[in-house]
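Understanding the architecture of this molecule
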Amino acid sequence: MAVKSKSTPWSYKKGTSPLHRLGAGIKLVFLLLLSVLAFIQLPFLPGFIIPGSIALILVLLSLFAGIGPCTLLRGSGPIFFVILAVFAFQAIEISPLGVNQDGLWESIFFCFRIGTAFAAGALLFSVTTPGEIRKSLSRLESFLRLKKMNISLCISLMLGFIPMLFQIWEDTNLAWKSRGGKMNLTRIVILVPLLVERMMVKAAEKAEAMEARGAGLD
């Protein structure tokens, strides 16, 4: 049984703010656009201007929606750890022994870009349900006369698996802690295969349920 928690990354937070009531399609396009812009570098602007501005916009929007800005980065720790570890390894120079400062700063700046994109996605799912996203995509699908392609269903299912991934990780991690497991590398080695297995089971259950209701993707 899933353990519901207000702190689960990328989970929907009930609210009545204008951002919650805004159309799902508008929020999806706008926040996806912010995620893409976070990785764009313009030659006539300092590198930190665009991602810094996006981060400020996300902070203001999260406050506007009644969500703490720090909540948007919940669950991003492992991603940053892997990125920093890879870039830090590349920044170490063997001969002569030292650290490439440019490479190290590049890794930190890249993590900042990843953080803004991650926060944009987290904000989207904090104020929008998967059902709202699917309805919005379905209307666009009908307008473009692409109903038979089931594009809205495919995209909504794909997006729906992102918060489910975090939910399963929270449940698995909680079970690990309750059994006295320590927060070390062993936890990752043991829990990640379990996470993948449970996600595969969830996908199979979802496919079986859709097939039973005649919603297969033929």
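Everything in this summary refers to the structure shown in the same document. Here the residue index of a chain counts from 1 through its sequence in written order. At least 70 in pLDDT is required for a residue's local features to be given in this predicted model, at least 80 for side-chain atom pairs to be given and counted, and no such filter applies to totals for whole chains, interfaces and linings, which use all residues. With hydrogens and water excluded, all non-hydrogen atoms of the structure serve as input to the side-chain values.

Next up on the list: a positive patch on the surface. Side chains of Arg198, Lys202, Lys206 and Arg213 sit close together on the surface and give a patch of like positive charge. Under the DSSP-based scheme used, a helix requires at least four consecutive residues in state H or I and a strand at least two consecutive residues in state E, with every element numbered from the N terminus. Take Lys202: it is sitting in helix 8 (residues 185-212). Classification of Lys202 by relative accessible area gives partly exposed; the value is 34%. Patch construction takes residues with relative accessible area above 30% that form no salt bridge. Like charges are linked within 9 Å, and nonpolar side chains (Val, Leu, Ile, Met, Phe, Trp, Tyr) are linked within 5 Å. Surface accessibility in these figures is a Shrake-Rupley result with a 1.4 Å probe; residues are shielded only by whichever protein chains are displayed. Only one rule defines a salt bridge in this text: a Lys or Arg side-chain nitrogen within 4 Å of an Asp or Glu carboxyl oxygen. The charge count includes Lys and Arg as positive and Asp and Glu as negative, but it does not include His or the ends of the chains. Where a charge lies is defined by one atom per residue type, namely NZ (Lys), CZ (Arg), CG (Asp) and CD (Glu). Accessibility here uses a 1.4 Å probe with only protein chains present; expressed as a share of the type maximum, an area under 20% marks a residue as buried, one over 50% as exposed, and anything in between as partly exposed.

Here a Phe, Tyr or Trp ring, Trp counted by its six-membered ring, pairs with any other such ring whose centre lies within 6.5 Å, and the pair is stacked when the planes are under 30 degrees apart, edge-to-face when over 60, and tilted otherwise. Enumeration over the complete set of coordinates arrives at 5 aromatic pairs. On the basis of an interplanar angle of 65° and a centroid distance of 5.4 Å, the ring pair of Trp10 and Phe118 is categorised as edge-to-face. Of this pair, Trp10 sits in the segment before helix 1 (18-21) while Phe118 sits in helix 5 (residues 101-127), and the two are 108 residues apart along the sequence. Using a relative accessible area of 8% as the deciding quantity, one classes Phe118 as buried. The interplanar angle of 90° and the centroid separation of 5.9 Å between the aromatic rings of Phe118 and Phe166 together place this pair among those described as edge-to-face. In this pair, Phe118 is assigned in helix 5 and Phe166 in helix 7 (residues 151-178), connecting sequence segments 48 residues apart. Since its relative accessible area comes to 11%, Phe166 is described here as buried.

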